[in-house]
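Structural features, examined
Residues per chain, in single letters:
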Amino acid sequence: MQKHTKIYFNFFGFDESDTYIPCEMCNAPVVDIHHIEKRTKNKVTNDYIENLVGLCRDCHIKAETDKLYNMYVRIKHLENVCHQVYALINLNKNIRNEN
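What you see as residue numbers is a count from 1 along each chain, following the sequence as written. Per-residue local features of the predicted model are confined to residues with pLDDT of at least 70, and side-chain atom pairs are confined, for both listing and counting, to 80 or more; whole-chain, interface and lining totals are unaffected and use all residues. To obtain the side-chain values, all non-hydrogen atoms of the structure were included, while hydrogens and water were left out.

1. With respect to the confidence of the model for the protein chain
Values of pLDDT, which run from 0 to 100, indicate the predictor's confidence residue by residue. Scored by pLDDT, the protein chain comes out at a mean of 91, with 96% of its residues at no less than 70. Helix numbers and strand numbers start at the N terminus; a helix is a DSSP run of H or I with at least 4 residues, a strand a run of E with at least 2. Per-element mean pLDDT across the protein chain ranges from 89 in helix H3 (residues 67-98) up to 98 in strand E2 (residues 52-55).

Structural data, given as C-alpha cells:
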C-alpha cells in the first residue's frame with residue numbers, strides 16, 4: 001500500500017480488507033486517493049490528510065482536468081476531515097467520562 005493511501009485509510013478508519021470505501025463526492029466505490037495539490041517533483045511530500053481525498057475514477061478524472069471542480073473537492077473533503085476530527089474528539093470525551 002502506498003504511503004498516501006495508508007495515511008488516508010488510517011485517518012478515516014479504513015482497512016485494506018474493506019470491500020467498499022465511498023467516493024467523497026458521489027459515494028461510488030473509491031479507486032484512487034487523489035492529491036488535491038499535485039505531487040511535487042522535488043521530493044517534498046504533500047501526503048497529509050488535508051491534501052488526500054478518496055475518489056471514484058470519474059470524479060478523479062474530473063478533479064484532474066477541471067480546476068473549479070478540484071476546488072470543490074477540496075472544500076467538501078475539508079468538511080469531511082472536520083467531521084472526522086469532531087467525532088474523534090467526542091469519542092475521547094466519552095471514554096474519559098466513562099473512567
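2. Here we look at the nonpolar core
If you look at the biggest cluster of nonpolar residues, it comprises 19 residues, and the most contacted ones within it are Tyr-8, Cys-23, Met-25, Leu-55, Cys-59 and Val-73. Of all the elements in the fold, those that place two or more residues in this core are helix H1 (3-12), E2, helix H2 (57-65) and H3. Residue contacts are defined here by distance: any two heavy atoms, one from each residue, within 4.5 Å place the two residues in contact. Among residues more than four places away in sequence, those in contact with Cys-23 are Ala-28, Val-30, Gly-54, Leu-55, Cys-56 and Cys-59. What we call a nonpolar core is a set of buried Ala, Val, Leu, Ile, Met, Phe, Trp, Tyr and Cys residues that are connected through their side-chain atoms within 4.5 Å. Burial status follows relative accessibility: with a 1.4 Å probe on protein chains alone, a residue under 20% of its type maximum counts as buried, one over 50% as exposed, and anything between as partly exposed.

3. Some remarks on the pattern of salt bridges
Each salt bridge in this description consists of a side-chain nitrogen of Lys or Arg and a carboxyl oxygen of Asp or Glu lying within 4 Å of one another. Scanning all chains against the criterion turns up three salt bridges. Here Arg-57 ties to Asp-32 by a salt bridge, and the two come within 2.6 Å at their closest N and O atoms. Taken as a pair, Arg-57 in helix H2 and Asp-32 in strand E1 (residues 32-35) lie far apart in primary sequence, 25 residues in all. Residue classification places Arg-57 among the partly exposed positions, given a relative accessible area of 44%.

4. With respect to the side chain of His-35
Along the chain, His-35 falls in strand E1. The definition of a polar contact used here is a pair of N or O atoms within 3.5 Å, where within protein one atom must be able to donate a hydrogen and the other to accept one, and adjacent residues in sequence count solely through side-chain atom pairs. At 2.5 Å, the side chain of His-35 forms a polar contact with the side chain of Asp-47. When near neighbours in sequence (up to four residues on either side) are disregarded, His-35 contacts His-4, Asn-46, Asp-47, Asn-51 and Leu-52.

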